[in-house]
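# Remarks on the overall topology
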Amino acid sequence: MRELGVAEPEKRTYLDLGGNPHSKREMLKQQKKKFSRINAIISTNDFLTQEFYKAAQELKWDLGSMAFAGFGNIREVRCSMPIITVDEHDFDVGRTAFEKLHRIIQGETRNEPREEILPVELIV
């Protein structure tokens, strides 16, 4: 967020430790006090984004002026709310991880980077 020019990103970030709907509503209320014009909620997965969407609905927020984003391209979520999601291509990620691990075990990775960025799809 800092790279995109968002002020005080650490104050705009919430760590969810398996909270319940009440904790999500309370967090949204606190964020609204700090930042009166919230225009996006982005979470680490589509299900969590959906939980925040429901919490914002219960608080009677104007959801038409907000963007919601998550990861996983979970169809059930995508069909139940307006969401931008990233399709993580689980099969490709797993296959690539296996191939890289196999090369490491075989000792074939001396000059190969340990991290690899895989292409993803943005679903709007």
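The structure we're discussing is the one just above.
Residues numbered from 1 in each chain as written. Predicted model: local features only at pLDDT ≥ 70, side-chain atom pairs only at ≥ 80, totals over all residues. Heavy atoms only, no water.

Further remarks concern the packing of helix H1 (residues 21–34) against helix H2 (residues 46–58). Axis separation between H1 and H2 bottoms out at 9 Å; the angle between their running directions is 70°. The angle between the axes of H1 and H2 places the two elements in the roughly perpendicular class. Crossing of H1 against H2: the hand is right-handed. Here Lys-24, Arg-25, Met-27 and Leu-28 of H1 come into contact with H2, specifically with Leu-48, Glu-51, Phe-52, Ala-55, Ala-56 and Glu-58. (Axes fitted to C-alpha atoms, helices over the stretch in contact; angles between N-to-C directions. Helix = DSSP H or I, 4+ residues; strand = E, 2+ residues; numbered from the N terminus. Parallel < 35°, antiparallel > 145°, perpendicular 65-115°, else oblique. Left-handed = near helix turned anticlockwise from the far one by under 90°. Contact = heavy atoms within 4.5 Å.)

It is a probe the size of a water molecule, rolled over the atoms, that shows where empty space is left. One number sums up the size of the largest pocket: a volume of about 800 Å³. Lining the largest pocket are 22 residues; nearest its centre among them are Met-1, Arg-12, Ala-40, Ile-41 and Ile-42. Those elements that provide at least two residues to the lining of the largest pocket are H1, strand S1 (40–42) and H2. Broken down by class, the residue content of the lining of the largest pocket amounts to 14 nonpolar, 5 polar and 3 charged. (1 Å grid on protein atoms, 1.4 Å probe; cavity = no way out; pocket = protein on both sides within 12 Å on 5 of 7 lines; lining within 4 Å. Points joined across faces, edges and corners; volume = space filled by probe spheres on them. Nonpolar A, V, L, I, M, F, W, Y, C, P; charged D, E, K, R; others polar.)

Time to look at unusual backbone geometry. One non-glycine residue, Glu-8, lies in the positive phi region at around 50°. Mapped onto the secondary structure, Glu-8 falls in the segment before H1. One non-glycine residue with positive phi stands out, namely Asn-73, at about 50°. Residue placement: Asn-73 occurs in the loop between strand S2 (67–71) and helix H3 (75–78). The exposure class of Asn-73 is buried, given its relative accessible area of 16%. (Buried < 20%, exposed > 50% of the residue type's maximum accessible area, 1.4 Å probe, protein only.)

Soluble globular proteins tend to bury their nonpolar side chains together. With 18 residues, the main nonpolar core has Leu-28, Trp-61, Leu-63, Met-66 and Phe-68 as its most contacted residues. Looking at this core, the elements that each hand over two or more residues are H1 and H2. Non-local contacts of Trp-61, meaning those with residues more than four positions away in its chain, are made with Leu-28, Lys-32, Ile-38, Ala-56 and Met-66. (Core = buried A, V, L, I, M, F, W, Y, C linked by side-chain atoms within 4.5 Å.)

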